[in-house]
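# Structure assessment
One-letter residues, chain by chain:
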Amino acid sequence: MDKFLISGIQQIGVGTENFRKSWNWFIEMFGVDVKILEDDTVAERMLPYTGGHPQKRHACIAMNMQGGGGFEIWQYSERKPVPAKFAIAVGDLGVFAAKVKCRDVEKFHEQIKTKWNEVSDVSKLPNGTKCFYVKDLYGNCFQLVEEKSVFIEQYKLTGGIFGAMVGVTDMKKSIDFYCKVLGYDNIIYDETGSFDDWTLLESSEGKCRRVLLGTSQPRKGAFSGIFGDSTIELVQVLERTPRKIYDGRFWGDPGFIQICFDVTNMSELGKFCAKAGHPFTVDSCPDGEVFDMGEASGHFTYIEDPDGTLIEFVETHRIPIVKKLNWYLDMRKRDREKQLPKFLFWLMGLVSKQRPKS
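Let us look at the structure shown here. On a predicted model such as this, the values are computed, not experimentally measured, just so you know.

## Here's the deal with the pattern of salt bridges
In the structure shown here, the tally under the stated rule is 16 salt bridges. Of the charged contacts, one joins Arg79 and Asp253 as a salt bridge, the two residues approaching to 2.7 Å between their closest N and O atoms. With Arg79 in the loop between strand E5 (70-76) and strand E6 (94-102) and Asp253 in the loop between strand E13 (231-237) and strand E14 (255-264), this pair connects stretches of sequence that are 174 residues apart. Where Arg240 meets Asp92, a salt bridge forms, and the shortest distance between an N and an O atom there is 3.1 Å. Note that Arg240 is positioned in the loop between E13 and E14 and Asp92 in the loop between E5 and E6, a separation of 148 residues in sequence. You can call Arg240 partly exposed: its relative accessible area is 27%. Taken together, the shared-partner salt bridges connect Lys99, Asp197, Arg210 and Glu233 into one network.

## Here's the deal with the packing of aromatic side chains
In this description, a pair of aromatic rings is defined by centroid distance and the angle of the planes. Per the counting criterion, the structure on display carries 24 aromatic pairs. Ring geometry for Trp25 against Phe26: centres 5.6 Å apart, planes inclined by 80 degrees, an arrangement best described as edge-to-face. Residue Trp25 is classed as buried on the basis of its relative accessible area of 5%. Pairing Trp74 with Tyr76 gives two aromatic rings, centres 4.7 Å apart and planes at 80 degrees, and the pair type is edge-to-face. Taking relative accessible area as the criterion, Trp74 reaches 0% and is therefore assigned buried.

## A closer look at the state of the cysteines
Per the stated rule, a full pass over the model turns up zero disulfides. Just so you know, Cys60 is unpaired, no disulfide at all, and the nearest cysteine sulfur is the one on Cys260, 14 Å from it. The exposure class of Cys60 is buried, given its relative accessible area of 1%. Considering cysteine sulfurs only, Cys273 is the nearest to Cys260, which forms no disulfide, with 13 Å between them.

The rules behind each value
- Residues numbered from 1 in each chain as written.
- Predicted model: local features only at pLDDT ≥ 70, side-chain atom pairs only at ≥ 80, totals over all residues.
- Heavy atoms only, no water.
- Salt bridge = Lys/Arg side-chain N within 4 Å of Asp/Glu carboxyl O.
- Helix = DSSP H or I, 4+ residues; strand = E, 2+ residues; numbered from the N terminus.
- Buried < 20%, exposed > 50% of the residue type's maximum accessible area, 1.4 Å probe, protein only.
- Phe/Tyr/Trp six-rings, centres within 6.5 Å; stacked < 30°, edge-to-face > 60°.
- Disulfide = S-S within 2.5 Å.

Structure, rendered in structure tokens:
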């Protein structure tokens, strides 16, 4: 993996029935109050996952400057979003819960319970890490995981995305994929049984195998500092047949759409993925052109894990620092292994901070 870099989880896509309400909720509950970009155009390059037709959508990427990945909040603009026809359960195929950093689980649990009802009790992961679960306005489940690292101190109890819980059918194949392709080469735990921390989730009482994967070495790259460490938790149900979360629905419909990773040297990554048996299913720049994402530009691609869960890669070419001053950072003109200085993120957070709107 020395010819390309995977710098961490850039964001997790969250399809919603109401863009504004969801973003306000994420700001209020998780402090995801810095807008990196916002786009209200047509998704023309996702045809394999949008019924073969371009679809107009309204989306933004918002972050918490204390560290972790972002939230890509996403809603169809001209098509009615289609929720799952069933209650998404533990181990259903795809991302069934997103992990969010929390520096003090006990304190944040007390805080969020004063303003929201869909909250589990505090419990522990199999390795003893404190956690609890929250369901948002539309039933999406978030696991708050105690992780004390902070990128830029803002005196919040939460950070950004820390990983994902993914339903799988063949644990061996899935471990191999997430280890060899995405670099999660450290098995933190591998446990089989019924688990007390899942009480807020559907089908939580069934027997499952759950494997938590991390990385043995810190990620490298310009954005690796703010994204930080992350984990992927694979869950295989053993007493029922799991359902595909997006069966019969489009990419962008309500739920967790994809896990997106920040990368460098997309062409080399493409060769690697193809050789590993997971070729790009979508490529925004097949001829090497630059893809304009409204307030930023870059190159995005998609692959699928062994069960069809969508994994996105984004190579950022240009990002806004201070849009009012027309100050953009061209990532192609700097050492991509070197972390960006904190003051740039501090400045982005200062000028791009969002407040809940009606």
